[in-house]
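Chain by chain, the residues run as shown.
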Amino acid sequence: SQTIHQWPATLVQPVGSPLSLECTVEGTSNPNLYWYRQAAGRGLQLLFYSVGIGQISSEVPQNLSASRPQDRQFILSSKKLLLSDSGFYLCAWSPDSSNQPQHFGDGTRLSIL
Amino acid sequence: AQTVTQSQPEMSVQEAETVTLSCTYDTSESNYYLFWYKQPPSRQMILVIRQEAYKQQNATENRFSVNFQKAAKSFSLKISDSQLGDTAMYFCAFMKHGDDMRFGAGTRLTVKP
């Protein structure tokens, strides 16, 4: 069966520090991968999605970036975090046939001090 | 662009009663998919129910059912015999074929004993 792992579960970082959140999927190949952010009291906002290795599409311009170095690995990064980057980050995947719902990781709660 | 609107930020219901969560969406597409996701306090995202737009019959999953009104672009979720474990944020989501999922802002449901 397919599983998705996302870590860390919680993270507290100072303003201006770098960020790296990692997400891996097991039990499937060539998944579509997604990073979402859920700000307090708001819905989910799609940040990045990827349909293959090295293929990244950005939905919202900001100081975050994403990379997909391997088929089932998706990394969310930042060189310098802002206070506004605080929130709950969710990684998700779907089969490469896009008419299937996405499956989510457990999320990372990021607090910027 | 497709938008998803959940007009009820918060709702409450007594245990064992029925509650309906509203969702409307805007699209010019005729072929698409609709979903309801549940996010309990653990923050995990759980797929509750899905509906294909080409199907006229409303989807049901145990105590969860939807009222899909395609012409009105409405997709409400009915929870029957509410249980304490149903307390969560509920997100309505839209996805057209070959595109990404778009989420509403969510409705916080509290089931009271």
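You'll find the structure just up there.
Computed from a prediction, not measured in an experiment: that's the story for all the values here. (Residues numbered from 1 in each chain as written. Chains lettered and ligands numbered in written order. Predicted model: local features only at pLDDT ≥ 70, side-chain atom pairs only at ≥ 80, totals over all residues. Heavy atoms only, no water.)

## Some words on the interface of chain B and chain A
Piece 1. Facing 20 residues of chain B, the contacting portion of chain A comprises 19 residues.
Piece 2. Interface area for chain B against chain A, summed over the two sides, is near 1700 Å², with a carbon-plus-sulfur share of 51%.
Piece 3. Summed over the three residues of chain B that lose the most area to chain A, namely Arg43(B), Asp100(B) and Phe103(B), the buried surface amounts to 33% of that side.
Piece 4. Our count for the chain B to chain A interface comes out at zero salt bridges.
Piece 5. Where chain B touches chain A, the interface holds one residue pair in polar contact (both at pLDDT 80 or more).
Piece 6. For the side of chain B that touches chain A, the leading source of residues is strand E5 (residues 32-39) of chain B, giving four residues.
Piece 7. Looking at the side of chain B that touches chain A residue by residue, the classes come out as ten nonpolar, five polar and five charged. (Contact = heavy atoms within 4.5 Å. Buried area = accessible area lost by both parts, 1.4 Å probe. Salt bridge = Lys/Arg side-chain N within 4 Å of Asp/Glu carboxyl O. Polar contact = N/O pair within 3.5 Å; in protein donor to acceptor, adjacent residues only side chain to side chain. Helix = DSSP H or I, 4+ residues; strand = E, 2+ residues; numbered from the N terminus. Nonpolar A, V, L, I, M, F, W, Y, C, P; charged D, E, K, R; others polar.)

## Looking at the environment of Leu84(B)
Residue and element names in this part refer to chain B.
Piece 1. Relative to the helices and strands, leucine 84 is located in the loop between strand E9 (74-79) and strand E10 (88-96).
Piece 2. Residue leucine 84 is classed as partly exposed on the basis of its relative accessible area, which comes to 42%.
Piece 3. Taking the C-alpha atoms as reference points, leucine 84 and arginine 102, separated by 18 residues in sequence, lie 28 Å from one another.
Piece 4. Those residues in contact with leucine 84, other than ones at most four positions away along the chain, are Glu15, Val111, Lys112 and Pro113. (Buried < 20%, exposed > 50% of the residue type's maximum accessible area, 1.4 Å probe, protein only.)

## A word on the side chain of Gln39(B)
Piece 1. Residue position: Gln39(B) is located in strand E5.
Piece 2. A distance of 2.9 Å separates a polar atom in the side chain of Gln39(B) from a polar atom in the side chain of Gln38(A).

## Brief notes about the nonpolar core
Piece 1. Ranked by internal contacts, the top residues of the largest apolar core, which has 25 residues, are Tyr25(B), Trp36(B), Phe75(B), Leu77(B) and Tyr90(B).
Piece 2. Secondary structure elements with two or more residues in this core: strand E3 (19-21), E5, strand E6 (46-52), strand E8 (64-69), E9, E10 and strand E12 (107-112) of chain B.
Piece 3. Broken down by element, this core gets its largest block of residues, four residues, from E10(B).
Piece 4. Beyond its immediate stretch of four places on either side in the chain, Phe75(B) contacts Cys23(B), Tyr25(B), Leu34(B), Phe35(B), Trp36(B), Gln51(B), Val66(B), Asn67(B), Phe68(B) and Cys92(B).
Piece 5. In this structure, Ala66(A), Leu81(A), Tyr89(A) and Leu110(A) belong to the second largest nonpolar core, which totals 19 residues. (Core = buried A, V, L, I, M, F, W, Y, C linked by side-chain atoms within 4.5 Å.)

## With respect to the environment of Thr5(B)
All names here are of chain B.
Piece 1. For threonine 5, the location among the structural elements is in strand E1 (residues 3-5).
Piece 2. Each C-alpha atom, one on threonine 5 and one on aspartate 81, is 25 Å from the other, the two residues being 76 residues apart in sequence.
Piece 3. Setting aside residues up to four positions removed in sequence, threonine 5 forms contacts with Ser22, Cys23 and Thr24.

## Points about the state of the cysteines
Piece 1. Under the definition given, this model contains two disulfides over all chains.
Piece 2. In this model Cys23(A) forms its disulfide with Cys91(A); the gap between the sulfur atoms is 2.0 Å. For the disulfide bridge between Cys23(A) and Cys91(A), the dihedral angle about the S-S bond is near -75 degrees, and by the sign convention the bridge is left-handed. One end of the pair, Cys23(A), is in strand E3 (residues 19-26); the other, Cys91(A), is in strand E9 (residues 87-94), with 68 residues separating them in the sequence. One exposure class covers both Cys23(A) and Cys91(A), and it is buried.
Piece 3. Sulfur-sulfur distance for the disulfide between Cys23(B) and Cys92(B) comes to 2.0 Å. Since a negative S-S torsion denotes a left-handed disulfide, the Cys23(B)-Cys92(B) link at about -70 degrees is left-handed. (Disulfide = S-S within 2.5 Å.)

## Concerning the pairing of strand E7 (residues 64-70) of chain A
Piece 1. When E7(A) meets strand E8 (residues 73-78) of chain A, the two strands line up antiparallel, connected through five bridges. In the strand pairing of E8(A), Leu64(A) is matched with Ser78(A). (Pairing = 2+ DSSP bridges.)

## Quick notes on the pairing of strand E1 (residues 3-7) of chain A
Residue and element names in this part refer to chain A.
Piece 1. Burial along E1 is one-sided: the face carrying Ile4 and Gln6 is buried and the face carrying Thr3, His5 and Trp7 is not.
Piece 2. Alignment of E1 against E3, held across five bridges, turns out to be antiparallel. Its bridge partner being in E3, isoleucine 4 is matched across the sheet by valine 25.

## Description of the pattern of salt bridges
Residue and element names in this part refer to chain B.
Piece 1. All told, the structure shown has seven salt bridges over all chains when counted by the stated rule.
Piece 2. A salt bridge links aspartate 26 to lysine 73; its shortest N-O distance comes to 3.9 Å. Of this pair, aspartate 26 sits in strand E4 (residues 24-26) while lysine 73 sits in the loop between E8 and E9; the two residues are 47 residues apart in sequence, bridging distant segments of the chain.
Piece 3. For aspartate 26, a relative accessible area of 41% translates into the label partly exposed.

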